[in-house]
Amino acid sequence: MKRNLFVYMSALLLLLAVMNGEAEARQLDPAKSPQLGIWFGPVAPIYTTRKTVDTNLGGGLYARYNIFQTQFKLGADVSYQKYKSRGVNSLRIIPVYGSVIYRLPIKMLLFFNLKAGAGQAHVKAMPLNKSQWDPCFTGGGEVGFPVGSMANLCLRVEYLMVYEKYISGAKRNGHFLNTGLSVNFNMDMFR
Amino acid sequence: MKRKGLNIFGVILLVVGYASCGDQAIFDDMADSNISIVLKGTYESNNPKNWGVFSPDMNDDTISILPSNYVKSVNPSMTGYDSLPSVFRLDVAEVRINGDKFANYRKTYNAPITDIDPLFNGVGIPLKCDSVVRDKHYSKIELYTRKMIFDNAQSFTPESGVFEKEITTVFDEEYRPGYDINPDQIFTLYDTLREEKSSTNRIFPVDVALPGGFVYDGSARYVIEIRMVIKNFLRRYEKVYVNGNKYRIYHFFGLSDWVHDVRQHDDFIGGNCFSVARVYSPDLVTTISGDCAANSYIVAIPASDVPNLSLYYDFDDTIIDRPDDSYIPRQPSLPSKHISGYLEYYVDMEKYDDFYGDYVLNVNKDDDLDTTSYHNVWDAYNDRRKDLRIPPLATQANALGSYILTNVPPGEYVMYELANPVWGKLPTGYSTATVRNVTVTEADIRSGVTTYDVDF
C-alpha cells in the first residue's frame, strides 16, 4: 500500500516536472496550455434526421491537453442536445467522446483547428420511449483568437453522427450539425 | 513515445465506441410510422347508405323568422334552395391522441356530396401522422377541426326576406361558397350558462372516444379509423347575423341536432359532431358477411360492451328530451331601430337582468338536492348525451339482402340486424333485433380464413 502511494506520488511529481518543463515553451504560445472550455449555440438535425426533429439550442463542456510540443491536442467533450418537433418526436442526446485536435501550422493571430473524434452518445427518444447508448463519430473545425493570455474565443462547427446501422434491420443513422461560440481558458498553473 | 500514446488513444476510442450499445433503431422509428389515420364522414364503417334526397323535414325548427316557404315565395327566381349542399369542406388542423401531438399536419379537403367521394363512400381519406408512444395506453382521439363548411347557404334581408347573396367563406386561403359552422359549434346552449364556459370548446377539438383503448407495441402496422357522422345527418338552420347596424338572416346547412337539440333563437348548434374511432391492424383482419333483410343495418358490438347496450340506442329523442325552453333566459336583441323596438328591448332587458342572477346560480349549483330544478334536469341530459356510443362496426345491407362487414379484427362480437332508419335518424331497436354471436380468432385469420358467414 505504501509502495503504491510512493509510485503515485512519484508519477505525479514527474508529471508536474514535465509540465513545468513545458511551461517555458508555453510562454511563447499560450494556446498550447491545457484548456477547459464551454460552448453554446444552435444544434441542427441534418440529412435524414432533419425530417423528424427540429433545430434547437445546445451546449457543452470540453477539456484539451496538448500532446507535448506538437500541433496535436487530445480532447474530451460532453454536451447536451435536446431536439423537439411539431409532433410527438423528440430526441435528447448526450454525446461523450474523445477527440484529436490538429492545429493548422499557420502563423497568424487567428488559429484554425481541425478535429475528429469518437465515443458514445446517450440517446433518449420519443415516441419510442426508450433510451440507450449508441456509438458516435464527430468531425469538424474551429477558428478562434486569443483574448489576452488566459482565454480564447472560438467559433466551432462540428458534424456529429450517431451510428445505428450496426443494429440489424436499421436503415438510418442520426446526423447533426453543432455550431456554436465557445470560450476556453488556458489552464497553465505554472505561469 | 508519441506513437504509443496515439495507439493507446485509438484503443480507448474503440472500446468506448462499441461497449454497451443499444438494440433499438431509434432514428428509423421516428422516421417510419407504422400507424395511419383514415377519416370517414359516415356512421357506417363500410358500405354506407347512399345520400338521401332533400326533403322539407331537413329544415330545422330554428327557422322561424323567415320560414322556408316564405323565402321561396318572396324569391321565386332563387333556384337550388330546396336541395342538399353540393360540397362539404373540411379543414383539419391536427389530430392528437390523449394529448400527444402525433399528427400535427394540416389537411384541407373538399368533399362533393356524392356517394363516390372517399369521405362518404366508406373508404375514408388518409391523414398524415407520426408514430405514437410505445406501451402507453391511449383512450381517446382529439380531432382539431378549423373549419367545416357546407355550401348552399344564403343571406336574406330581415325586413323583406329578399335574397341578398350566397354566403362565401375563406377556405384554404380562398373565398368559396359556403358557411363555416365551426364558430356555432363551439358550445351547446347549456355550455353558455355554465361557469366553465371559458374553457369549453366542443369542436376544437372534437373528442373522439376510442372504445377498448389502444396500446402500440411497435410490432405491427395499425390503422386508426375515425368516423364523424355527417352523411345523411344534415339539417338547415337559421341564424341572425349582426354586424354593427347591419342585420341579416342566414340559412345554412349544419350537422343534424340529433344529439343536442337546437331550437328557435339558440345561438349555438354545438355538441352534434358525433364521432367514434377504432384501431385495427390491416394484417390481422377478416370480413363477416351473410344474408339479412334488404337494406337493413348490421352492426357489431364487442361482447364485453353488451352490458352498456342502452348507450347505443339512446339516440331516439323520445328517451331523453331537452328541458323546457321556458326556463332559459336569453339576452334580448334589438328588434328594430324604431322607438317601439327600443322600448321593447329595454323591458325585455330588465326582465332578463332580474332573472339572470338567480338562474345562473341555479345552473351552476353543485349540491342541488331539488330533483326538479333546471340544473339537475339538464346535467342529467348532458351526461347521458356525453356517454352515447356509435357501434365500432356498422354497415347497410344491399337491396338484395346481403351484407359485408370489412376490416374486422379478432374478438367476440354480438351482431344486430336493425331496421333501415328514416333520414336524419340512426338505427335503433337493439332490444327487439335479431342477434347473432360470432367469435373471430387470430388463429383463424392467420390460417387464411378470410370470411365468416353469419346469416340473419
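One numbering rule holds for all chains: residues counted from 1, following each sequence as written. Numbering of ligands from 1 and lettering of chains from A proceed in the order in which they are written. Per-residue local features are limited, in this predicted model, to residues with pLDDT of at least 70; the limit for side-chain atom pairs, both in listing and counting, is 80 or more; totals at the level of whole chains, interfaces and linings are taken over all residues. Neither water nor hydrogens contribute to the side-chain values; these are computed over all heavy atoms in the structure.

**Here we look at the confidence of the model for chain A**
No. 1: Mean pLDDT for chain A: 86, with 91% of residues reaching 70 or above.
No. 2: Taken element by element, chain A is modelled with least confidence in helix H1 (residues 2-28) of chain A, mean pLDDT 71, and with most confidence in strand S7 (residues 151-162) of chain A, mean pLDDT 93. Known as pLDDT, the predictor's confidence for each residue is given on a scale from 0 to 100. By the criteria applied, helices consist of DSSP H or I runs no shorter than four residues and strands consist of E runs no shorter than two, each listed in order from the N terminus.

**Description of the sheet that holds strand S8 (residues 174-186) of chain A**
Residues and elements named next belong to chain A.
No. 1: Here, strands pair whenever DSSP counts at least two bridges between them. Sheet architecture is closed into a barrel: eight strands sit in the order S1-S2-S3-S4-S5-S6-S7-S8, paired in antiparallel fashion. Strand-to-strand twist across the sheet, computed as the mean angle between neighbouring axes with direction ignored, equals 25°.
No. 2: In this sheet, strand S5 (residues 111-126) lies alongside strand S4 (residues 90-103) in antiparallel orientation, the contact comprising 14 bridges. Bridge pairing links Pro 95 to Ala 121 in S5. Helix axes use the C-alpha atoms of the stretch in contact, all axes being lines fitted to C-alpha atoms, and the angles between their N-to-C directions lie in the range 0 to 180 degrees.

**A closer look at the nonpolar core**
Across soluble globular proteins, you tend to see nonpolar side chains buried next to one another.
No. 1: The nonpolar core is taken to be a set of buried Ala, Val, Leu, Ile, Met, Phe, Trp, Tyr and Cys residues, with the residues joined through side-chain atoms within 4.5 Å. Burial here depends on accessible area, computed with a 1.4 Å probe over protein chains only, as a share of the maximum for the residue type. Under 20% is buried, over 50% is exposed, and the range in between is partly exposed. With 56 residues, the main nonpolar core has B:Leu39, B:Val95, B:Phe102, B:Met148 and B:Phe214 as its most contacted residues.
No. 2: Counting 21 residues, the second largest nonpolar core, distinct from the first, contains B:Trp258, B:Ile390, B:Leu426 and B:Tyr430.

**A word on the packing of aromatic side chains**
Residues and elements named next belong to chain B.
No. 1: Note on aromatic contacts: the rings of Phe and Tyr and the six-membered ring of Trp form a pair at centre separations within 6.5 Å, being stacked when their planes are under 30 degrees apart, edge-to-face when over 60 apart, and tilted otherwise. One pass over the full model with this rule turns up 25 aromatic pairs over all chains.
No. 2: Taking 4.9 Å as the distance between ring centres and 10° as the angle between the ring planes, the aromatic pair formed by Tyr 241 and Tyr 250 counts as stacked.
No. 3: Here a set of aromatic residues connected by ring pairs shows up, and it is made of Tyr 179, Tyr 237, Tyr 241, Tyr 250 and Phe 252.
No. 4: Whether a charge sits over a ring comes down to the Lys NZ or Arg CZ being within 6 Å of the ring centre and within 35 degrees of the ring normal. The aromatic ring of Tyr 81 is capped on one face by Arg 236, whose charged end is 3.7 Å from the ring centroid.

**Quick word on the interface of chain A and chain B**
No. 1: Each side of the interface is counted separately: chain A has 41 residues, and chain B has 31 residues.
No. 2: Buried area, as used here, totals the accessible surface that two parts lose on assembly, with accessibility defined by a 1.4 Å probe and the loss added over both. A buried area of about 3100 Å², summed over both sides, lies between chain A and chain B, and 65% of it is on carbon and sulfur atoms.
No. 3: Together, A:Arg86, A:Leu128 and A:Arg172 form the three largest contributors to the area buried by chain A at its contact with chain B, with a combined 20%.
No. 4: Whenever a carboxyl oxygen of Asp or Glu lies within 4 Å of a side-chain nitrogen of Lys or Arg, that contact is scored as a salt bridge. Summed over the shared surface of chain A and chain B, the result is three salt bridges. Contacts between residues were defined by any pair of non-hydrogen atoms, one from each residue, lying within 4.5 Å.

**Structural notes on the environment of A:Lys165**
Residues and elements named next belong to chain A.
No. 1: The topology assignment puts Lys 165 in the loop between S7 and S8.
No. 2: On the accessibility criterion, Lys 165 (45% relative accessible area) is partly exposed.
No. 3: Apart from residues lying up to four places away in sequence, Lys 165 is in contact with Ala 170, Lys 171, Arg 172 and Asn 173.

**A short note on a nonpolar patch on the surface**
Residue and element names in this part refer to chain A.
No. 1: Patch membership needs two things, relative accessible area over 30% and no salt bridge, and members are linked within 9 Å if like-charged or within 5 Å if nonpolar (Val, Leu, Ile, Met, Phe, Trp, Tyr). Each accessible area is a Shrake-Rupley result for a 1.4 Å probe, and residues are judged covered by the shown protein chains and nothing else. A contiguous nonpolar surface patch, about 560 Å² in accessible area, is contributed by Leu 5, Met 9, Leu 12, Leu 13, Leu 15 and Leu 16.
No. 2: One can find Leu 5 in helix H1.
No. 3: Judged by relative accessible area, Leu 5 falls into the exposed class, the value being 53%.

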